[in-house]
Amino acid sequence: MTEEQLKEFEMMLTKRKEEIQKTVEDSEKEIQALKSADASDEADHATISADSEIERTISSKLMNELKEIDYAMFKISNKTYGICEMCEEPIGIARLQVKPQARYCIVCREIVEKSS
């Protein structure tokens, strides 16, 4: 992988990280607003509860993605970015363009998904 490609992936990861952080912040504000909303009946309470749970689930998934991005950024600084953690072969550029925090090549990803 060229230095230019590496910088491009680093920029992609940084941009995505910023997007996630903003989404999580907005979600936390939304949850707080739901908690302080004036529920007038059981249906309102149920709606607020369901909405809060959905927001928490989304935030949890985004927090996991943030961890993956941080790990990918560490790998960039460690000069191991773009190398499959299972077979130690380079991960295809096309795959990294779709998922820049990918830890496995396509073949190994399928093996990992089947075993979990």
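Keep in mind that what you see is a predicted model, and the values were worked out from it rather than measured. (Residues numbered from 1 in each chain as written. Predicted model: local features only at pLDDT ≥ 70, side-chain atom pairs only at ≥ 80, totals over all residues. Heavy atoms only, no water.)

## With respect to the overall build of the chain
- A tally of regular secondary structure across the chain gives four helices and zero strands.
- Counted from the first residue to the last, the chain has its helices and strands arranged as α-α-α-α.
- Counting every position in the chain, which comprises 116 residues, the buried fraction comes to 26%.
- Taking as baseline every contact in the chain between residues at least 6 positions apart, the subset at least 24 positions apart corresponds to 55%.
- Accessible surface, the chain as shown: approximately 8,100 Å² in total, 53% of it carbon and sulfur. (Helix = DSSP H or I, 4+ residues; strand = E, 2+ residues; numbered from the N terminus. Buried < 20%, exposed > 50% of the residue type's maximum accessible area, 1.4 Å probe, protein only. Contact = heavy atoms within 4.5 Å. Areas by Shrake-Rupley, 256 points an atom, 1.4 Å probe, with all protein chains shown as cover.)

## Description of unusual backbone geometry
- The phi angle at Lys-79 is positive, at roughly 65 degrees, despite the residue not being glycine.
- Inspection of the secondary structure assignment puts Lys-79 in the loop between α2 (42–77) and α3 (93–98).

## What about the pattern of salt bridges?
- Following the criterion strictly, the structure yields seven salt bridges and no others.
- Of the charged contacts in the structure, one is a salt bridge between Asp-70 and Lys-17, with a shortest N-O distance of 2.6 Å. Linking Asp-70 in helix α2 with Lys-17 in helix α1 (residues 3–36), this pair joins segments that are 53 residues apart in sequence.
- Note that Lys-22 and Asp-26 form a salt bridge whose closest N and O atoms lie 2.9 Å from each other. (Salt bridge = Lys/Arg side-chain N within 4 Å of Asp/Glu carboxyl O.)

## As for the environment of Ile-76
- The residue Ile-76 is located in helix α2 in this model.
- When its relative accessible area of 8% is taken as the criterion, Ile-76 is described as buried.
- What Ile-76 contacts, discounting residues up to four positions off in sequence, is Leu-6, Glu-10, Leu-13 and Tyr-81.

Worth remembering: the numbers are spatial, not functional.
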